[in-house]
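Report on the structure
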Amino acid sequence: MRNLAHKAVTAIFFVSIAVGLYFAVPYVFANRYNSTNFAEEAAKQEVEDSIISELVETKKVSHIETPEVVKGLYMSSWVAGTTDFRDSMIEIIDTTEVNAVVIDVKDSTGRISFATNDPYLTEIGASENRIRDVDGLIELLHSKGIYVIARIAVFQDPYLVKEWPSEAVKKSSDKSIAWGDRKGMHWIDAGSTKVWDYNVAVGKEAYNRGFDELNFDYIRFPSDGNMKDIYYPVSEGLVKADVMRSFFEHLNSSFEEEGIPISADIFGMTTTNTDDLNIGQILEDAVRNFDYVSPMVYPSHYPATWNGFANPAANPYEVIKLSMQGAVDRTIAIGEDINKLRPWLQDFNMGATYTPSMVREQIDATEDLGIDSWLLWDPANTYTKAALNE
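Because the structure is predicted, anything quoted here is derived from the model rather than measured.

Comments concerning the nonpolar core
- Residues Ile 103, Phe 155, Phe 211, Phe 216 and Phe 290 are the most contacted members of the largest nonpolar core, which totals 109 residues.
- Residue contributions to this core peak at 8 residues, all from helix 8 (residues 193–208).
- Contact partners of Phe 211, with chain neighbours within four places excluded, come to His 63, Ile 103, Val 105, Phe 114, Val 134, Ile 138, Val 148, Ile 149, Ala 150 and Ala 206.

Quick word on the pairing of strand 6 (residues 292–296)
- Of all 5 residues in strand 6, 4 are buried, a share of seventy percent or more.
- In the sheet, strand 5 (residues 262–267) pairs with strand 6 via 5 bridges, with the strands oriented parallel. The partner of Ile 266 across the bridge, within strand 6, is Pro 295.
- Traced from strand 5 through helix 10 (residues 283–289) to strand 6, the parallel crossover comes out right-handed.

Here we look at unusual backbone geometry
- We note that Asn 129 has phi near 55°; this positive angle belongs to a residue other than glycine.
- Assignment of secondary structure puts Asn 129 in the loop between helix 5 (119–124) and helix 6 (134–143).
- For Asn 129, a relative accessible area of 22% translates into the label partly exposed.

Here's the deal with the environment of Ser 323
- Residue placement: Ser 323 occurs in helix 11 (residues 316–333).
- When the C-alpha positions of Ser 323 and Asn 273 are compared, they lie 9.8 Å apart, and in sequence the two are 50 residues distant.
- If near-sequence neighbours (up to four positions away) are discounted, Ser 323 is found in contact with Thr 271, Thr 272, Val 297, Tyr 302 and Trp 306.
- From its side chain, Ser 323 meets the backbone oxygen of Val 319 in a polar contact 2.8 Å long.

Calculation criteria
Think of each chain on its own: its residues are numbered from 1, step by step along the sequence as written. Where totals are concerned, whole chains, interfaces and linings use all residues; where local detail is concerned, this predicted model gives features only for residues with pLDDT of at least 70, and gives and counts side-chain atom pairs only at 80 or more. Neither water nor hydrogens contribute to the side-chain values; these are computed over all heavy atoms in the structure. Among buried residues, those of type Ala, Val, Leu, Ile, Met, Phe, Trp, Tyr and Cys that are joined through side-chain atoms within 4.5 Å constitute a nonpolar core. Here the term buried applies to any residue with accessible area under 20% of the maximum for its type, exposed to any over 50%, and partly exposed to those in between, with areas from a 1.4 Å probe on protein chains only. For helices the rule is a DSSP run of H or I covering at least 4 residues; for strands it is a run of E covering at least 2, with both sets numbered from the N terminus onward. Residue contacts follow a heavy-atom distance rule, with two residues in contact if any of their heavy atoms lie within 4.5 Å. Two strands qualify as a pair provided DSSP detects at least 2 bridges between them. Place the viewer so that the strands point away; then a crossover is right-handed whenever the path from the first strand over the helix to the second strand goes clockwise. Polar contact is defined as a pair of N or O atoms within 3.5 Å, subject to the rule that within protein one atom must be able to donate a hydrogen and the other to accept it, and that residues adjacent in sequence are counted only when both atoms are side-chain atoms.

Pasting the structure below:
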């Protein structure tokens, strides 16, 4: 991280000089209209405008190249916007093997976590500006050599359901947008190309602000709720796996030419199931279309008796080893590099109380398979530092 930090600090130094030049301009706005020489004032204004324009052009957004090994922590938008809390996470990254952070740009509420510059996004109005200093935060992280990943929740989007009800998953009984999953959350039809393009725009906004990689989550059809009373206004009658494959291909083509790294979060059981789990996700389709794929192989999310375990959550090493072995074998079988695999691991209590050793066992299982990259998830953002190498 230190070599990357040196480059980032150098870039920030030159930007600081440019900003300093602007404030050193002797044509102070407060005194402008004391002069009666309007021609002179107009000339001064032209000089100021020229300097400001030049500063805008010279302040280029920098990016960190994807490290060969990525070890990251998830950070919610609320934490990213709370200085003390996020600083405690940054301290963990500074002092351990972790070198990356995944920050919510659009979470499952559908709200974008900072004020957008793109007029199209601004008009839709999803911004909630939770991270008021997002540009400064990214500069700070880059100065420390930290790789910054933007998490974008796609089809679970209650905000967009209200804005674009024609694209929403509906109840088949009355065609209303009242359908919700078991948590009451509303979904967009995964076949909506209008929504595809919207999320591409969110991704490009994030990249243009300095995020180094775009991570797409909730890229599936709903998995629970009243599935007997569900209607898809766009993709009704289509094969779900075909719909999702087309969406994956759309993301690939939208970002590949610009060289923007993209990654996908997929269900953990896609590594061992060869069907689409009725949500449209097939591992091979994701691996072919994304730079990196993150199966969410949280041991607590596997059903009782899975592979003979009475409680999979209590057997973190074995569950990760079995599930990710499937991912490794299938990735190799289609001629892709296993370095594309970057699993989400569990650092929260569910099904069992997760001790530092249990968190570490998951990392060990991943690395024992030859996969060096991983991400840790804790919805509360309170990570087990004792499980990480310093």
